[in-house]
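Descriptive analysis of the structure
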Amino acid sequence: MNIIPIRSSCSIRVTLNGRPVELAVRPEALLLDVLRDRLQLKGAKRSCDMQVCGACTVLLDGAPVSACTFLAVEADGREIVTVEGLGTEERLDPLQEAFIDHAAVQCGFCTAGMLLTAKALLAEDPAPTRERVVHYLRGNLCRCTGYRKIVEAILACAHAR
Amino acid sequence: MLRPFALYRPSTVGEAAEVLAREGPDAALYAGGTEVLLILKEGLLRVRSLVDVKRIPGLDEIRRDDGHLSIGATATHRALERAPAVHAHCPLVAGVARHVANIRVRTIGTVGGNLAFADPHSDLATLFLAFDGVVRLASRSGERDLPLAEFVRGPYETARRDDEILAAVRLAPWPAGTAGAYVKFGVHERPTLGVAVALMRGAGGDAVTDARLAVGCVGPRPQRLPEAEARVCGWSLADLARHAGEVAALAARDVDAVGDLHGSAEYKREMTRVFVRRILLVAGARAAGRDPHEHYPHTIIV
Amino acid sequence: MSAPGPLRVVGRSVRRTDALEKVTGRARYLSDLELPGMAHARLLRSPYPRARLLGVEVARARAHPGVHAVLTAADLTWCEPFYGPALRDRPLLATDVVRYEGDPVVAVAAVDEATAVEALDLVEVDYEELPAVMTLEEALAPGAPLVHAGEPLAGHFSDLSTLRARPGTNICHQFDYARGRGAGGFAEAALTLEDTYTFPRVQHYSMEPHGAIAAWDAEGGLTVWASTQNPFSVRAELAKMFGLPASRIRIAVPLLGGGFGGKTYAKLEPLAAALARVAGRPVRLQASVEDAFRTVRRCSARVRVRLGFRRDGGLVAVQCDADFDVGAYADIAPRVIQKGTYTATGPYRVPNVVLHSNAVYTNTTPGGAFRGFGVPQIAWAVESMMDVAAERLGRDPVDLRRQNLLAHGEEFARGDTPVDGKLEESLSRVAEAIRWHQASAAGRAKGVAVMMKASVAPSVSEAIVRLHADGSASVLVSTVEMGQGARTVMAQIAAEVLAIPLARVTVVPPDTSITPYDQTTSSSRSTTMVGRAVQDAAADVVGQLLKIAAAHLGVPAGALAVDDAAIVGGQRRLGYPELLDLHFGMRGGELIGRGVVAPGRTQAPLGGSTPFWEVAMGGAEISLDEETGAICVEAYASVADVGRCINPQQCEAQDEGAVMQGLGHTLLEEMVYEGGVLLNANLVGYRVPRAEDVPARFDSVFVENADGAGPFGAKGVGEGGLVPVSPAVGNALARLTGIRLRELPLTPERVWRALRARRDA
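Every value quoted in this text rests on a predicted model; they were computed, and no experiment measured them. (Residues numbered from 1 in each chain as written. Chains lettered and ligands numbered in written order. Predicted model: local features only at pLDDT ≥ 70, side-chain atom pairs only at ≥ 80, totals over all residues. Heavy atoms only, no water.)

1. Some points on the overall build of chain B
Selection rule: Helix and strand assignments come from DSSP, with helices taken as H or I runs of at least 4 residues and strands as E runs of at least 2, each series counted from the N terminus. The buried label applies to any residue whose accessible area, calculated with a 1.4 Å probe on protein chains only, is under 20% of its type's maximum; exposed applies above 50%, and partly exposed to all values in between. Contacts are assigned to residue pairs with any non-hydrogen atoms lying within 4.5 Å of each other. A 1.4 Å probe and the Shrake-Rupley method give the accessible areas. Residues count as covered only by the protein chains that appear here. Charge assignment in this entry is limited to Lys and Arg as positive and Asp and Glu as negative, and neither His nor the chain termini are counted. Here the site of a charge means atom NZ of a Lys, CZ of an Arg, CG of an Asp or CD of a Glu.
The secondary structure content of chain B amounts to 12 helices and 15 strands. Buried residues in chain B amount to 60% of all 302 residues. Contacts in chain B between residues at least 24 apart in sequence constitute 61% of all its contacts with a sequence separation of at least 6. Here chain B has roughly 10700 Å² of accessible surface; of this, 50% comes from carbon and sulfur atoms. In chain B, 38 side chains carry a positive charge and 36 a negative one; their mean positions are 4 Å apart.

In structure tokens form, the structure reads like this:
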């Protein structure tokens, strides 16, 4: 038995924001760096770098993950959505609209992660209670807004359905 | 940023064991990465290779096995939260899984990774002690089962040898009629304290026939508290409601509390007393068919 | 010009102008910028709080493939290697000693971050550990080791030209102020209270850590893209260090991912510039969150307060002696200690005052500006003691405060701006919002606290408004957008004055080579100071338009009015593009308006009169888990006197955020050192508020009497909401339990200990 490890670049295929992408990544490459530095998708941010803050959140097959602590090679064959894939400028996602309307955006550094986390929540539970929203946001920090407007934005979006 | 490494992707436990035998301490197991990637980024751990066990088919299986609930090492917290077998046999586990860290960690983090990393501030090891958890370790020389209590030796330290893989953890479901509860407390990102309790009662009888009490996060490793458990046995629910404080005092006496960022040893010992009493009362109420909705700050009751 | 009609854009919660780019991920921050050929830097930081550098061996790192520059202090002979806004006490890289765990020793720039890390692995530093001073007690002890042995040079902050260090000690600056009979005033007091309170070391945790990208051009000019709140201060610092005229330096500021004061004054920019010079290419120096914890923090403090009351409850004398722990380098802390101590009398009428504070070096992360700028530390003590006084005097805490509040227009201190808000109204509003006069449910209690804070003075802000040929406008200001919504507010003000749609106004991002001078984006000053400059600049443009129209129509300008992008007079209506065509005789050319707000120096105690008083009051209702000591803030009401909300929704957002940040240091946050080492320089160990920590009932109330010094009667908001939080919660705790805590944060264990001590007593 001889198992060959990946030592250098290996090719991965990802459905990224709905489009197929193929690229070569090294085993130690983090998804966040690949998205930001190679694919120029700068929406996901690096902050705490420890899966506490949620600034780097992306959706992996619909579920939120921390791109800062996720190997890019693991994305092979999977679907990734970043904030850039959430809506178009002409047709924003309802969450994006709600975040604007409710002033849930201040410095914006947490915004992508908040939006994507909320997106995953609403996919799972289209009409969450306030408690559920707060529980789901446990891993998304915001130092500007005081959270209230973010929670309101998500709830407004949920109720709009 | 991660320093370069080689990534092994074995497709069987045997292959993984082979790699571990070859690489020894220069390899680290990678079951989700929520812990190992962090310490690699920090430079606290430096290895030549990672052995990705997530792709081993079946290693994430959660199933009923010979009267036990077997949880594969690469089952995620999210899977634990949702698996029908967990809901059927150890529903409390699903409830606790729902409150591990945050949604992203639950999506990626695995049961095996959590247990093998042995962060003292974690929920699962404490909870699983109350289910008489037994870990299955696999290596080239075969498999061995080790009670969780022996597996976790201290902070970030387990009985796993460098050439072994944690394959699964097996839990002994509580008998029908058992009332269980779990509480965690703390203001920090990770819990300051976790207590799991189970009260078993004979068919139709009111008296507690057997009990489990496990406390974690307050010390170097989670522990069962046999004297406190023994004290409860034979009690009626009314006895329990009256004398829960005695059990709590025993627990506080016996717990191995150490001071850290989360608090002093003295405080943790006292919190053990407080929360053992509280959770006993919750479990007692559940045994009586009530579901008390107790709310305390910085406290999650499952 | 006829009398202004109702406001169109100002006073409305218009969408933020940067909201769309932020929700779509298009917004660009420092870490999102890339330059061709850019190298990436990493720092080697001291593992010891204090040590002598016996040797720094970098030859292997220099030889490492992919490395563009390796710097040690010994390499920095070609520039002035010291910086600091108050005292130039900070070397680019440690020279002979390191002064805190995290003090940068070696800087590397390499082709990528991984290579830079590899190179740092090859550096060998030989340290000789020295005894360190980690606390105020240690630093102030007789014969304490000195964090700085020599006399540092004065920095560029003109107000601090009279720094008063105490040679031979760790005190780098002292502030003194007295009025009336000073301490002699206590002779008139029927009740004198004295106590000491402490405030912890806390970190801003702006989600975006500090960062800078520096590039030198072929002509020797320097451009730095920086995550900074005050580009002009950074420019001054770099000009001095690198011997360049200000005009050769360009500081460009993208959006900031939060600032909270942590990004004021030069932080990483000097090192990035030095690295870029040596590397011969652009260099990015991007801090991690762990680096941020080792870059700046709030000055912790020990505050001794003495309050003297007449029998009728009137405050007759206040004495405050505060020691601020400013860490290893002074940064702007000397100013922090002045500003914080200056308003130790709160918003109260006090005839006899004596204030003294010390800025004390310790071997810890440098202390600097942080939302509230010294005031939260002092207010924690003073406003806690106001409640103690109320109890001793048998008075209701709200009533006692009301009795002592300064009146509108009353003098705070000789030479300074009189009180510019109706403090009583704020107090009534907070009492109403927290339902002060209704009994709390069992197991709950309420507390209030009030404050007043001066903004920075003297102070200068300038603005340029350009009205383009098509009638759209550019607003050039150097206000940094760090989340507070300043760009939106500036656009609203310009759109209002110019009478054009908001969408026709573009606010240009700060760039010292393009946008005019602004002192700083801090001190809650932008709406007032820059806002007024924008208002004036826009009005300047309108004046020019009126003049052009008057000449063309042959009527006096006074007979004309501005309406919807046009000048109207009688039946005639001339749109802006048409007017510009008439003026220039072609389609092209633009009108340029200028606004300068520069109140200058005054006889006020801090050298300039505050442009406005930031008034904020808070009320908290709490419950307590007596067995664990865990406090739950069930309700919070924040009242801010903002004069007028330019954008009510954004004011609310600022205020809510300030309160939550205040709850952080009140209940959760504290940097913990052990053995000289910071234990929790990360978000696993350092807990900031989460969504679940938001009080179930949370009201943000604004007092709007249009009496502010800013545009349309507005004035500043942003810091104030944070300040009353700690004393309001502490007062509620005291009213609930009878226990008075003097140390923050009010962690469960700290409260539990106090409860137990009382039980045992």
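2. Describing the pairing of strand β20 (residues 352-361) of chain C
Where a strand is regular, its side chains alternate between the two sheet faces. Residue and element names in this part refer to chain C. Spelled out, the test is: Only strands that DSSP links by at least two bridges are regarded as paired with each other. We call a crossover right-handed when, viewed with both strands directed away from the observer, the connection leading from the first strand over the helix to the second proceeds clockwise.
β20 sits mainly inside the fold: 9 of its 10 residues count as buried. Bridge count for strand β11 (residues 171-179) against β20 is 8 bridges, and the pairing is antiparallel. Each residue of the ladder has a partner; that of Arg179, found in β20, is Val353. As judged from the 10 bridges shared by strand β19 (residues 315-327) and β20, these two strands associate in the parallel manner. Its bridge partner lying in β20, Gln319 is registered against Val354. Note on the crossover from β19 through helix α8 (residues 333-342) to β20: the handedness is right-handed.

3. Here's the deal with the interface of chain B and chain C
To be explicit about the condition: When two parts are brought into contact, each loses some accessible area as probed by a 1.4 Å sphere; the total of that loss over both is the buried area. Put simply, a salt bridge is a Lys or Arg side-chain nitrogen that is within 4 Å of an Asp or Glu carboxyl oxygen. Polar contacts, as counted here, are pairs of nitrogen or oxygen atoms within 3.5 Å of one another; within protein the pair requires one atom able to donate a hydrogen and one able to accept it, and residues that are adjacent in sequence qualify only if both atoms are side-chain atoms. All residues other than Ala, Val, Leu, Ile, Met, Phe, Trp, Tyr, Cys, Pro, Asp, Glu, Lys and Arg, Gly among them, are scored as polar; the first ten of these are nonpolar and the last four charged.
With 24 residues of chain B in contact, the opposing surface of chain C contributes 26 residues. Carbon and sulfur atoms make up 54% of the area that chain B and chain C hide from each other, which totals about 2100 Å². Of all residues in chain B, Met1, Leu261 and Tyr267 of chain B give up the largest surface area on contact with chain C, accounting jointly for 26% of the area buried on that side. Across the chain B-chain C interface, the total number found is 8 salt bridges. When the shortest N-O distance is used, the salt bridge between Glu189 of chain B and Arg690 of chain C registers 3.3 Å. In this assembly, chain B and chain C are joined by 12 residue pairs in polar contact (both at pLDDT 80 or more). Of all the elements, helix α12 (residues 265-287) of chain B adds the most residues to the side of chain B that touches chain C, at 9 residues. Of the residues assigned to the side of chain B that touches chain C, the class counts are 10 nonpolar, 4 polar and 10 charged.

4. Details of the sheet that holds strand β5 (residues 79-81) of chain A
Backbone-to-backbone hydrogen bonds pair the strands of a sheet. The strands run either parallel or antiparallel. Residues and elements named next belong to chain A. Condition: A fitted line through C-alpha atoms represents every axis, and for helices the fit uses only the stretch in contact; the resulting angles, taken between N-to-C directions, go from 0 to 180 degrees.
Strand order in the open sheet formed by 5 strands is β2-β1-β5-β3-β4, and the pairing between neighbours is mixed. Two strands lie at the open edges of the sheet, namely β2 (19-25) and β4 (63-66), each paired on one side alone. Between one strand and the next, the sheet's axes are offset by a mean angle of 40°, whatever the strand orientation. Sheet topology note: the strand β3 (residues 57-60)/β4 ladder contains 4 bridges and is antiparallel. Looking across to β4, one finds that Thr57 is bridged to Ser66. Lying on the sheet, helix α1 (residues 31-38) is in contact with β1 (10-16), β2, β3 and β5; it crosses β2 at an angle near 105°. Seen against the sheet, helix α3 (residues 111-124) touches β3, β4 and β5 and runs at an angle of roughly 30° to β3.

5. Thoughts on the domain arrangement of chain A
Residue and element names in this part refer to chain A. Where we set the bar: Delimitation of the domains relies on an automatic or database domain assignment.
Taken domain by domain, chain A holds domain 1 (10-85) and domain 2 (94-159). A separation of 21 Å is found between the C-alpha centroids of domain 1 and domain 2. Taken together, the contacts link 16 residues of domain 1 with 13 residues of domain 2. For the pair domain 1 and domain 2, the summed buried area comes to about 1000 Å², and 68% of that belongs to carbon and sulfur atoms. Put simply, domain 1 and domain 2 have 0 salt bridges between them. Between the two partners, domain 1 and domain 2, sit 2 residue pairs in polar contact (both at pLDDT 80 or more). Across the side of domain 1 that touches domain 2, the residue classes tally to 8 nonpolar, 6 polar and 2 charged.

6. Some points on the environment of Val135 of chain B
All names here are of chain B. Relative to the elements of secondary structure, Val135 occurs in strand β6 (residues 134-139). For Val135, a relative accessible area of 0% puts it in the buried group. Along the primary structure Val135 and Glu42 are separated by 93 residues, whereas in three dimensions their C-alpha atoms are 29 Å apart. Look past the residues within four positions of Val135 in its chain and what remains in contact with it is Leu115, Arg144, Asp145, Leu146, Leu148, Phe151, Leu166, Ala168 and Val169.

7. Focus on helix α5 (residues 148-159) of chain A
For clarity, the cut-off: Multiplying 1.5 Å by the helix residue count minus one yields the expected span of that helix.
With 12 residues, α5 of chain A extends 16 Å from end C-alpha to end C-alpha; this agrees with the ideal 16 Å at 1.5 Å per step. All of the buried residues along α5 of chain A are Lys149, Ile150, Val151, Ala153, Ile154, Leu155, Cys157 and Ala158 of chain A. Summarising the contacts, the buried residues of α5 of chain A are in contact with α2 (94-101), α3 and α4 (130-136) of chain A together with α15 (648-668) of chain C.

8. Considering the environment of Glu84 of chain A
Checked against the element boundaries, Glu84 of chain A lands in the loop between β5 and α2. Separated by 17 residues in sequence, Glu84 of chain A and Ala67 of chain A have C-alpha atoms that sit 14 Å apart. Setting aside residues no more than four positions away along its own chain, Glu84 of chain A makes contact with Asn17, Leu41, Lys42 and Gly43 of chain A together with Thr24 and Gly25 of chain C. Separated by 2.7 Å, the side chain of Glu84 of chain A and the backbone nitrogen of Gly43 of chain A make a polar contact.

9. Looking at the packing of aromatic side chains
The relative placement of two aromatic rings is captured by the distance of their centres and the angle of their planes. Operational definition: Any pair of Phe, Tyr and Trp rings, taking the six-membered ring for Trp, is counted once the centres come within 6.5 Å. Such a pair is stacked with planes under 30 degrees apart, edge-to-face with planes over 60 apart, and tilted for the rest. Should the NZ of a Lys or the CZ of an Arg lie within 6 Å of a ring centre and within 35 degrees of the ring normal, that charge is described as sitting over the ring.
For the structure shown, the criterion picks out 15 aromatic pairs over all chains. The interplanar angle of 85° and the centroid separation of 5.9 Å between the aromatic rings of Tyr177 of chain C and Tyr342 of chain C together place this pair among those described as edge-to-face. Residue Tyr177 of chain C is located in strand β11, and its partner Tyr342 of chain C is located in helix α8; the two are separated by 165 residues in the primary sequence. Among the aromatic residues, those joined into a ring-pair cluster are Tyr177, Tyr342, Phe412 and Trp613 of chain C. The ring of Phe275 of chain B carries Arg278 of chain B above its face, with NZ or CZ at 5.1 Å from the centroid.

10. Quick notes on the interface of chain C and chain A
Listed by partner, the interface residues are 51 residues for chain C and 44 residues for chain A. When chain C packs against chain A, close to 4000 Å² is buried across both sides, 56% of that on carbon and sulfur atoms. By the criterion of area lost to chain A, the three top residues of chain C are Arg15, Val23 and Met207 of chain C, representing 18% of everything that side buries. A salt bridge links Arg15 of chain C to Asp101 of chain A; the shortest N-O distance between them is 2.9 Å. Between the two partners, chain C and chain A, sit 25 residue pairs in polar contact (both at pLDDT 80 or more). Listed by contribution, the elements that provide at least two residues to the side of chain C that touches chain A are α1 (19-24), α15 and β34 (697-703) of chain C. Of all the elements, α15 of chain C adds the most residues to the side of chain C that touches chain A, at 9 residues.

11. Focus: the sheet that holds strand β31 (residues 630-641) of chain C
Residue and element names in this part refer to chain C. Sheet architecture is open: 4 strands sit in the order β22-β30-β31-β34, paired in mixed fashion. Either end of the sheet is taken by a strand with one partner, and the two such strands are β22 (444-454) and β34. Averaged over all pairs of adjacent strands, the angle between strand axes in this sheet comes to 20°, irrespective of strand direction. As defined by bridge partners, β31 adjoins β34 across 7 bridges and the pair is classed as parallel. Paired with Ala640 across the two strands is Phe702, which belongs to β34.

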